[in-house]
Each structure stands twice: as structure tokens, then as C-alpha cells.
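Residues per chain, in single letters:
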Amino acid sequence: MTTLSDWLAAQPVDPKLASVVATMAAASAEIAEVLRRAPITGQTGLAGHTNVQGEAQKALDVISNDIVLNHIRHNPDISLLVSEELDEAVHIQNQGRFMVATDPLDGSSNLDVNVTVGTIFSVLDASKGLLQRGSSQLAAGYAAYGPATSLVVTFGQSTTVFTLDADGTFQLTQEGLQVSSSSGEYAINTARERLWDAATRGYVAENVAGETGPAGKRYNMRWVGSMVADIHRILMRGGIFMYPLDSETVSKGGRLRLLYEANPMALLIEAAGGRSTTGRERILDLVPTGIHQRVPVILGSAEEVTRVEGWYGRG
Ligand code: AHM
Ligand code: MG
């Protein structure tokens with residue numbers, strides 16, 4: 001077995017950058033432990049606050065954010081933290097070379113029903129400021145708290161999976177992940193159909209038509225409602241994830257956040273041979289205008305993403 005520490009030490013990257021990934025892994029292992037016992041310890045339900053996006057915060061959102069912050073404070077190489085749960089960026093050790101952008105607990109509306117949630121993170125060069133293109137990410141990853149806790153990591157070249165062991169270490173379980181180029185699974189919240197644009201309608205209608213439609217094959221729909229769980233499935237067996245712009249999210253620019261949801265997932269998917277787009281532009285090419293900026297997100301199997309782009313090209 002290869003541990004995450006051994007694997008990180010063997011990577012051709014700055015050991016300080018590797019230490020940032022190790023820090024996020026350690027935070028994730030601690031969050032996994034808290035989540036596993038939360039119904040017993042009573043750490044469920046609302047914390048009674050709203051975050052910067054006006055959403056109710058769960059107790060566990062706050063707890064997870066505190067765990068990440070605490071781990072980051074102990075790594076002298078991290079000077080900046082952007083979190084979904086914090087209105088402003090936090091300046092920590094001034095000399096640290098790296099910035100972390102994180103959603104400490106994504107999909108937290110699923111917590112009360114014991115469905116997979118996750119921690120998403122992106123690592124950037126702090127000296128280049130808060131608002132960098134996703135293509136500038138130095139590393140990205142997520143932890144998926146499911147039947148097993150998976151940690152999926154990239155330094156931009158390939159995507160690697162680790163699994164949390166009983167002793168709290170992460171063991172390497174899959175290297176060189178490849179998102180299959182075609183797939184018969186799509187993930188979108190179909191309850192929003194009345195709000196969709198013509199491109200989303202067109203693409204999904206083709207999938208629903210299955211073998212009788214232009215795609216000529218049958219599709220299945222899967223929507224967990226936790227981006228981490230949906231993306232993990234796509235990394236493992238292909239598919240497409242869509243949270244497009246619709247008539248309700250258009251005023252905000254989208255639903256999901258660019259810095260700590262879309263960008264890290266896009267880097268992981270692209271490093272595994274998949275593609276990512278807003279429908280009109282590659283996600284990783286966008287220049288952020290704010291730390292909590294929202295964007296349309298379409299990513300996964302290359303052929304499916306290309307089909308969606310084709311629909312946007314007609315509009
Ligand atoms: P969150 O960061 O507040 O948890 O929201 C993000 C989540 C994603 O995990 C998921 O893909 C999406 O929001 C679900 O949205 P919806 O409730 O519209 O299905
Ligand atoms: Mg969240």
C-alpha cells in the first residue's frame with residue numbers, strides 16, 4: 001500500500017505545495033470523523049446563521065469551516081484562505097506562498113438524510129492575488145464522505161484517488177483516472193426544466209429520446225444533489241454534470257461558485273481527460289470578478305460536453 005504522504009513525497013512538485021494538499025487531507029479526515037458521529041453528538045441542524053450568499057448554515061458547515069481553518073493555520077506555507085462560509089478572504093501567515101479556496105462542506109442539505117457530502121479545495125499562488133483563472137490552479141481536490149471517504153487529488157496532470165483507512169491515513173487506491181469519453185448518464189436537476197434555456201432543453205430532450213433520438217442510445221439520469229457525489233460518479237464511470245444558467249440563476253451568474261466549486265472540479269475532470277464549460281467558455285479560462293462569483297457548470301465526458309456546446313453554438 002502507498003500512503004498519501006509517500007505518494008506526495010514522490011511527486012515532481014514543490015514539497016511546500018504537497019504540504020498544502022496534506023493539510024487539506026488532514027482536515028478532511030477530521031471532518032469525516034465528525035460527520036460519522038454527528039447524529040450521536042447532536043451536531044446536526046441549523047447553526048442559526050446565514051452565510052454571505054444568504055443561505056442558512058448548518059452546524060456542520062460551520063464546524064467543517066473551523067476544522068479547515070485550524071489545519072490551515074498550522075501550515076506556514078498557506079497565507080490566504082477563501083471559503084464559501086466566510087464573507088471575506090482570510091489572511092493568515094504572511095509569508096506563505098499558497099492560497100486555498102474551499103467549500104468546506106458541499107451538499108450540506110443532504111446531511112440530514114445521510115447522503116454523501118464533500119469538501120472541495122483549490123490551491124493557488126497567493127502572490128498572484130485572489131482572482132486568478134482556474135487554469136492557474138496548482139492543485140485541486142475533494143474529499144467525498146460516502147460509504148468510504150475518498151480523497152481525489154490533482155496537480156493538473158493526472159487525477160489520483162485515495163481512501164481513508166481506519167487509522168486515519170489515506171491509502172492510494174486508483175491512479176491515472178480517465179473519464180470515459182462517451183457515457184449514457186447525465187446529471188441535472190430536472191425540477192428546474194421550466195427555467196432552462198433552449199440549449200439545455202435541446203440537449204436533455206435528445207437524451208430523454210434515448211435510442212429513438214439523434215444520440216441513438218439510451219440514457220440514464222442521476223442527481224444526488226451533492227456536487228461532490230455527482231462528480232465522483234462521473235470520474236469513476238463517465239457522464240455529464242450540468243448546473244447551467246437558467247432564468248432564475250441568470251441574475252446571479254449561475255448556481256455554483258467559481259473559485260471553490262467549479263474550478264477545482266474542472267481541473268480534476270480535465271486532468272482525467274474530461275472537459276468543462278459554461279456552455280460558451282471553458283470554465284478554467286474565466287477571469288473571476290469576485291471570490292464568491294457564481295458560474296454555469298457543465299463538465300464530464302468529452303463527447304457529452306461537446307454535444308452541449310453544440311447546442312449553445314446554435315443559440
Ligand atoms: P452548497 O454549496 O450550498 O451545498 O450548494 C451546492 C450544491 C451542490 O452540491 C449541488 O450540485 C447543488 O448545490 C444542488 O442544487 P439543487 O438543490 O438545486 O439540486
Ligand atoms: Mg456548501
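On a predicted model such as this, the values are computed, not experimentally measured, just so you know.

The rules we used
Residues numbered from 1 in each chain as written. Chains lettered and ligands numbered in written order. Predicted model: local features only at pLDDT ≥ 70, side-chain atom pairs only at ≥ 80, totals over all residues. Helix = DSSP H or I, 4+ residues; strand = E, 2+ residues; numbered from the N terminus. Buried ≥ 20, exposed ≤ 12 C-beta atoms within 10 Å, placed from the backbone. Axes fitted to C-alpha atoms, helices over the stretch in contact; angles between N-to-C directions. Parallel < 35°, antiparallel > 145°, perpendicular 65-115°, else oblique. Left-handed = near helix turned anticlockwise from the far one by under 90°. Contact = placed C-beta atoms within 7 Å. Nonpolar A, V, L, I, M, F, W, Y, C, P; charged D, E, K, R; others polar. Pairing = 2+ DSSP bridges. Core = buried A, V, L, I, M, F, W, Y, C linked by C-beta atoms within 7 Å. UniProt positions renumbered as here; feature names shortened; annotations may be inferred. Expected span 1.5 Å × (residues − 1). Arc of directions from axis to C-beta.

Caption draft 1: Broad picture of unusual backbone geometry. Phi is positive for Asn-114, which is not a glycine, with a value near 60 degrees. With respect to the helices and strands, Asn-114 occurs in the loop between strand S5 (98–106) and strand S6 (117–125). Look at Asn-114 and you get exposed, because 10 C-beta atoms sit within 10 Å.

Caption draft 2: Region of the structure containing the packing of helix H4 (residues 198–209) against helix H7 (residues 302–314). Axis separation between H4 and H7 bottoms out at 8 Å; the angle between their running directions is 135 degrees. With respect to each other, H4 and H7 are oriented oblique. Viewed along their axes, H4 and H7 form a crossing whose handedness is right-handed. In this structure, H4 contributes Ala-199, Gly-202 and Tyr-203 to the contact, and H7 contributes Arg-307, Val-308, Trp-311 and Tyr-312. For the contact of H4 with H7, the class distribution of residues is five nonpolar, one polar and one charged.

Caption draft 3: Looking closely at the sheet that holds strand S13 (residues 240–243). Taking strand neighbours across the sheet as the criterion, the five strands line up as S12-S11-S13-S17-S15 in an open arrangement whose pairing is mixed. Both edges of this open sheet fall to strand S12 (220–221) and strand S15 (275–277), since each of them pairs with a single strand only.

Caption draft 4: Examining the nonpolar core more closely. Judged by nonpolar contacts, the single largest core of 84 residues is most densely connected at Val-100, Met-265, Leu-268 and Val-297. Per element, the largest residue contribution to this core is 10 residues, and it comes from helix H6 (residues 258–271). Apart from the residues within four sequence positions on either side, Leu-268 is in contact with Ala-140, Val-152, Thr-154, Thr-159 and Leu-235.

Caption draft 5: Structural detail: the UniProt feature "binding site: Mg(2+) 1" (unreviewed entry) in the protein chain. Mapped onto this numbering, the UniProt entry annotates "binding site: Mg(2+) 1" (unreviewed entry) at Glu-84, Asp-103 and Leu-105. For the residues just named, distributed over 22 residues, the greatest C-alpha separation is only 8.8 Å, placing them together at one site. Structurally, Asp-103 is set in strand S5. Using a count of 29 C-beta atoms within 10 Å as the deciding quantity, one classes Asp-103 as buried. When residues no more than four places from it in sequence are discounted, the contact partners of Asp-103 are Glu-84, Ile-120, Arg-257, Tyr-260 and Glu-261. One can find Leu-105 in strand S5. Filtering out sequence-adjacent residues up to four positions away, Leu-105 remains in contact with Leu-60, Asp-61, Ser-64, Val-117 and Thr-119.

Caption draft 6: Seen up close, the sheet that holds strand S3 (residues 78–83). Taken in spatial order, the eight strands make up an open sheet running S4-S3-S5-S6-S7-S8-S9-S10, and their pairing is mixed. Unpaired on one side and paired on the other, strand S4 (90–91) and strand S10 (170–174) mark the two borders of the sheet. Relative to S10, strand S9 (residues 159–164) runs antiparallel, the two sharing four bridges. Each bridged residue has a counterpart across the sheet, and for Phe-162 the counterpart in S10 is Leu-172. Helix H2 (residues 15–41) contacts S3, S5, S6, strand S7 (139–145), strand S8 (149–154), S9 and S10 of the sheet and is inclined by roughly 15 degrees relative to S7.

Caption draft 7: Region of the structure containing H7. In this model H7 runs 19 Å from its N-terminal to its C-terminal C-alpha over 13 residues, within 8% of the 18 Å that 1.5 Å per residue would give. In this structure, the buried side of H7 is in contact with strand S11 (185–187), H4, S13, S15 and strand S17 (297–300).

Caption draft 8: Quick peek at the UniProt feature "binding site: Mg(2+) 2" (unreviewed entry) in the protein chain. UniProt annotation of "binding site: Mg(2+) 2" (unreviewed entry) refers to Asp-103, Asp-106 and Glu-261 when read in the numbering used here. These annotated residues cover 159 residues of sequence, and their C-alpha atoms all fall within 8.5 Å of one another, placing them together at a single site. Along the chain, the position of Asp-106 falls in strand S5. With 28 C-beta atoms counted inside 10 Å, the residue Asp-106 sits in the buried group. Tracing the backbone shows Glu-261 in helix H6. Ignoring sequence-local partners within four residues, the contact set of Glu-261 consists of Asp-103, Asp-106, Ile-120, Met-227 and Leu-256.

Caption draft 9: Fine view of H4. The first and last C-alpha atoms of H4 sit 16 Å apart over 12 residues, in line with the 16 Å expected at 1.5 Å per residue. Those residues of H4 that fall on the buried side of the exposure criterion are Ala-199, Thr-200, Tyr-203, Val-204 and Asn-207. Projected down its long axis, H4 shows its buried positions confined to an angular sector of 115 degrees, all on one face. On its buried side, H4 packs onto S11, S13 and H7. Of the residues one or two after H4, Gly-210 is the one with positive phi, at around 55 degrees.

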